[in-house]
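# Structural characterization, general
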Amino acid sequence: MNRLGIESPRGLVAFAALTGCLVTMAVAALTGAGGVFAAAGLTGCGCELLLHRTAPGLMARLGRLHMGATSRFEFRCVLLLLLLGRLHVTGPIGLAAAMTLVLCLLAGQALHAALTTLIRRRRALAVAARNIDLRRLDISDRPPRRLTEWPGQRILIYELSALLGLTASLTTGDARWVVAALTLAAGSSLITVVALVPYLVRATRRLPGAAEVLAEVDAWLIRHRPRTVLYFSGPRERADQVARWLGPVAALHTPSLVILRERELLEALEPTPLPVLCVPSAAHLSQLDLSGVRVALYPANTGRNIHLLRIPTMQHVFLAPGDGDETADVDPYSKVYDQVWVAGEAGRRRYVRAAVGVEEADIVEIGRPQLDGLRVAGTGHAPAPTPTPLPTVLYAPTRDLPAGEPIVRALLENERPVRVLYRPHPPTGHRSPEDHAAHRRIVALIQAANERRAAAVLAANALDNGTFAADALCADALAAEALGGDAVTPDGTGEKPDDALAPRPDATHPDAPHPDATHPDTPHAEALRTEAARRRAELTKRIAALDARLRRADADEAMLTRDRAAPDPALLTEAEGLRREWHQAHWAASPPWLHQVIEGDTPTLHSCFDQADLLIGDPSDVVGDFLATLKPYALTVPAGLGEEEFRRQNVMARAAYPLGPGASAMRNLLRPLFDPSLDELRTARREVKEFLLGPATPPSIQRFTDAVDALAEKGEAVVRLRDLHTAPPPGAGRWSITR
């Protein structure tokens, strides 16, 4: 199903029914079975509508195969005319009228598609922008969405009208019904065409051309003089590569600018206070006045980087991705940059060892500014989440999901219960049928474990004598803190004693009634979780409404360029606050014993880090980020590779607990969660963290800012030296005779 773009069994049934309806209509048209034709047509309309909602990927794929909604509509129109000719209901004149109306309807559809395409292309500005004042360009509004979008649904309305008219004609024997229905459909189609003509005229006459747009952008660049540029080119799926650097660049104390090369990236980019330019054409990019820019940052190595690298007045920096140990991360193309910025000593050694032409003096360690907000174990960095009675294990694989099934099973069946957060890398489960099937089996395991644990909780609550231990109130504290209230504690002071936060070691079965897993379900805790769930639903709606204001589905790229003349700090601050509150409410809304499957973008990976006491994963950037928390982590050892060799090949593994195939060492792995004194790798994690991510002080964001400032000063010196060398010599332009 996934290969067809069908995401659910219901979509598969609808696709099979649609195919059957088309075949039935063809047979009915050839045999003159009008009633069967009408019934199959109406059923087909319902299937089309269902597929548009449940399987948009399939609809897009059929369009690429020239079997889209328009082609299917034309095919059904031909079958309708064939049926009318076989039935002899309309007579020669009625049949001619029906043929004429069908031709008008098809012509209207063709004209509508042509006008929509012309308007869309004409409204594509040479440069699109966000947070840049280009209002003087006098950009007009786009046509209403009801005129330009949803062509498939519009076609279904026309077809439904014709089928209802046919049904009425077959019932009454009066051909005027089908002719009237076709007239209504053809008239509606032509009305939409006529309504689009004024918008095409305005788009042709009023929208500014490339020269005018570039001149206005240049005027803005001259006024604001950005000193740093964050430059990115790539597919929409790689938008996270530039998004992770928006925060650090926005924290710079000098003006900055983001330059994107693909229009789809501008749509995918999250709201930011930074000014953003989207310049698809290399010719247009070369005409922009970027003479004030001194530092250009490149988060990815792509061929289109050359269009900015040609500018000699900039210092060009490659932001080396990741903190893994793979030499594949090192590209000989990196030597075209003035500097390469890495996180720590590991990145420096990686480039030196690869010998790709990058001088060691041009490698700068800046840490990972994106990780500065993570809660570090044993420190006061960032607010700590309210503790839960059970230790939390985050399983975040990025590959080989079939090997993860025994890991999850071992976690769920561990003698001493833990809470499992399963968060696969977003593309995982869609790369291969094997990964997808393994992902579904893991989800089923977790759902079954939750059902067993819920039953055990209900049974324990039914036998409860009404006394609650101190650790039973951890859930109350979790929900109360997230909702802004006061936590209830045993001593009534609102403070949690240390022993109330420590997991109890007396559990004998993961699904048996356990003090830490059952007592938190007090009436008060349940009420707080219900309130947190209500609060989460309310915040979800508010975030959706705010995103609609920030992204505006009713506006096209040109309108957003006009209307987003400046960032709205209050709106961005509100969005950030709402997302922070949503995460607090999300964790507070779930029982502290509940395992969770996290498949989407929320909760974020860093929010899961704050909840987790242990991470299980494979060597990847996910583990590299988690290393910043100094919490214990385990790495899965590939089959056929010994632990010593695995540690030799992967620096991360030197501070990780190894987990071999089959998760045989799971019991020993989880012991430090219940007795921290058994954590033998605490010192090793600090050493590996400093080696991979750099020292904890100064903060990464400060090192990043200092590196930008130092390179900008170097760029200024280079420009001054260049101007000195290109200045005309004294006395130039005077005549002199030298013998």
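Bear in mind the structure is a predicted one, so any value in this text is a computation, not a measurement. (Residues numbered from 1 in each chain as written. Predicted model: local features only at pLDDT ≥ 70, side-chain atom pairs only at ≥ 80, totals over all residues. Heavy atoms only, no water.)

A tally of helices and strands in the protein chain yields 29 helices and 14 strands. Classification of the 739 residues of the protein chain by burial places 49% in the buried group. Sequence separation of 24 or more characterises 72% of the internal contacts of the protein chain that already satisfy a separation of 6 or more. About 34500 Å² of surface is accessible on the protein chain, with carbon and sulfur atoms providing 58% of the total. (Helix = DSSP H or I, 4+ residues; strand = E, 2+ residues; numbered from the N terminus. Buried < 20%, exposed > 50% of the residue type's maximum accessible area, 1.4 Å probe, protein only. Contact = heavy atoms within 4.5 Å. Areas by Shrake-Rupley, 256 points an atom, 1.4 Å probe, with all protein chains shown as cover.)

This part takes up the pattern of salt bridges. Tallying each qualifying case throughout the model produces 30 salt bridges. Arg 348 serves as the salt-bridge partner of Glu 345, at 4.0 Å between the closest nitrogen and oxygen. Of the two residues, Glu 345 and Arg 348 are both situated in helix α15 (residues 345-354); the distance of three residues between them amounts to about one turn of the helix. Between Arg 399 and Asp 618 there is a salt bridge; the shortest N-O distance is 3.6 Å. With Arg 399 in the loop between β9 (392-395) and α16 (404-412) and Asp 618 in the loop between β12 (614-617) and α25 (621-626), the pair connects residues that are 219 residues apart, well separated along the chain. For Asp 618, a relative accessible area of 5% translates into the label buried. (Salt bridge = Lys/Arg side-chain N within 4 Å of Asp/Glu carboxyl O.)

It is worth spelling out the side chain of Thr 705 at this point. Relative to the assigned elements, Thr 705 resides in helix α29 (residues 700-726). Setting aside chain neighbours within four positions, we find Thr 705 in contact with Leu 252 and His 253.

Turning next to α15. The set of residues buried in α15 consists of Ala 346, Gly 347, Arg 348, Arg 350 and Tyr 351. As for α15, its buried residues are in contact with β6 (315-319), β7 (339-342), β8 (363-365) and α28 (682-693). Following α15 by one or two positions, Ala 355 has its phi on the positive side, about 50°.

On to the pairing of β9. Side chains of β9 alternate between two faces, with Thr 392 and Leu 394 and Val 393 and Tyr 395 buried alike. The pairing of β9 with strand β10 (residues 419-422) spans four bridges and is parallel. Note on β10: the bridge partner recorded for Leu 394 is Leu 421. Handedness of the β9-α16-β10 crossover: right-handed. As judged from the three bridges shared by β9 and β12, these two strands associate in the parallel manner. What sits directly across from Tyr 395, in β12, is Ile 616. (Pairing = 2+ DSSP bridges. Right-handed = clockwise from strand over helix to strand, strands pointing away.)

Taken together, six strands build an open sheet; the order of strands is β11-β10-β9-β12-β13-β14 and the sheet is parallel. Each having just a single partner strand, β11 (596-597) and β14 (657-659) make up the two edges of the open sheet. When strand β13 (residues 633-636) meets β14, the two strands line up parallel, connected through three bridges. Each bridged residue has a counterpart across the sheet, and for Leu 635 the counterpart in β14 is Pro 658. Sheet strands in contact with α16 are β9, β10, β12, β13 and β14, and its direction is about 170° off that of β9. (Axes fitted to C-alpha atoms, helices over the stretch in contact; angles between N-to-C directions.)

Let us now look at the environment of Ile 139. Along the chain, Ile 139 turns up in the loop between β1 (128-130) and α6 (145-148). For the pair Ile 139 and Ala 203, spaced 64 residues apart in the sequence, the C-alpha separation amounts to 8.8 Å.

According to the stated counting rule, one finds eight aromatic pairs in the structure shown. Between Trp 245 and Phe 704, the ring centres sit 5.7 Å apart and the planes meet at 35°, which makes this aromatic pair tilted. Highlighted residues: Trp 245 in the loop between α10 (239-243) and α11 (246-250) and Phe 704 in helix α29, separated in sequence by 459 residues. Summarising the burial analysis for this pair, Trp 245 and Phe 704 share the class buried. (Phe/Tyr/Trp six-rings, centres within 6.5 Å; stacked < 30°, edge-to-face > 60°.)

Moving on, we get to the sheet that holds strand β3 (residues 256-260). Strand order in the open sheet formed by eight strands is β1-β4-β3-β2-β5-β6-β7-β8, and the pairing between neighbours is mixed. Each end of this open sheet is capped by a strand with a single partner; those strands are β1 and β8. Here the strands of the sheet are splayed against their neighbours by 25° on average, with no regard to which way each runs. Lying on the sheet, α15 is in contact with β6, β7 and β8; it crosses β8 at an angle near 165°.

Okay, the nonpolar core next. In terms of nonpolar packing, the biggest core is built from 59 residues, with Ile 616, Tyr 633 and Met 666 touching the most fellow members. If we ignore the near neighbours within four places in the chain, the residues touching Ile 616 are Val 393, Leu 394, Tyr 395, Ala 396, Ile 407, Leu 411, Ala 634, Thr 636, Leu 659, Met 666 and Leu 669. One finds Ala 203, Trp 220, Ile 259 and Ile 363 within the second-largest nonpolar core, a separate group that totals 41 residues. (Core = buried A, V, L, I, M, F, W, Y, C linked by side-chain atoms within 4.5 Å.)

Here we take up the pairing of β12. Side chains Leu 614 and Ile 616 project from β12 onto one buried face, and the interleaved Leu 615 and Gly 617 project onto a second face that is buried too. Where β12 and β13 come together, three bridges link them in parallel fashion. Its bridge partner lying in β13, Leu 615 is registered against Tyr 633.

Relative to each other, helix α4 (residues 69-87) and helix α5 (residues 91-122) sit at 175°, their axes nearing to 10 Å. Between α4 and α5, the angle is such that the two are roughly antiparallel. In contact with Phe 73, Glu 74, Cys 77, Leu 81, Leu 84 and Gly 85 of α4, α5 contributes Leu 95, Ala 98, Met 99, Val 102, Leu 105, Leu 106 and Gln 109. Per-class residue counts for the contact of α4 with α5 are 10 nonpolar, two polar and one charged. (Parallel < 35°, antiparallel > 145°, perpendicular 65-115°, else oblique. Nonpolar A, V, L, I, M, F, W, Y, C, P; charged D, E, K, R; others polar.)

Relative to the helices and strands, Ser 590 resides in the loop between α23 (569-589) and β11. Side chain to side chain, Ser 590 and Gln 596 meet in a polar contact 3.3 Å long. Other than its neighbours up to four places away in sequence, Ser 590 contacts Arg 529 and Gln 596. (Polar contact = N/O pair within 3.5 Å; in protein donor to acceptor, adjacent residues only side chain to side chain.)

Further remarks concern a nonpolar patch on the surface. A cluster of nonpolar side chains, Leu 42, Leu 160 and Leu 164, forms an exposed patch at the surface whose accessible area comes to about 230 Å². Its location among the elements puts Leu 160 in helix α7 (residues 151-172). What makes Leu 160 partly exposed here is its relative accessible area of 36%. (Patch = residues over 30% accessible without salt bridge, like charges linked within 9 Å, V, L, I, M, F, W, Y side chains within 5 Å.)

So, about the confidence of the model for the protein chain. For the protein chain, mean pLDDT is 82; residues scoring 70 or higher make up 85% of the total. Ranking the helices and strands of the protein chain by mean pLDDT puts strand β2 (residues 228-232) first, with 97, and helix α19 (residues 498-501) last, with 39. In this model, residues 465-508 is a region of pLDDT below 50 whose contacts with residues beyond four sequence positions or in other chains number 78 contacts. Segment residues 513-520 is flagged for pLDDT under 50; beyond a separation of four residues in sequence, or across chains, it makes 35 contacts in the model. (pLDDT = per-residue confidence, 0-100.)

What follows deals with unusual backbone geometry. Cis geometry is found at the peptide bond from Thr 602 to Pro 603, where omega equals -5°. Note on placement: Pro 603 falls in the loop between β11 and α24 (605-611). Cis geometry marks the peptide bond from Thr 697 to Pro 698, where omega comes out at -5°. Locating Pro 698 in the fold gives a position in the loop between α28 and α29. Of note, the phi angle at Ala 355 is positive, near 50°, even though the residue is not glycine. By the element assignment, Ala 355 lies in the loop between α15 and β8. According to the relative accessible area criterion, Ala 355 is exposed, its value standing at 63%. At Asp 400, a position not held by glycine, the phi torsion is positive, near 50°. By the element assignment, Asp 400 lies in the loop between β9 and α16.

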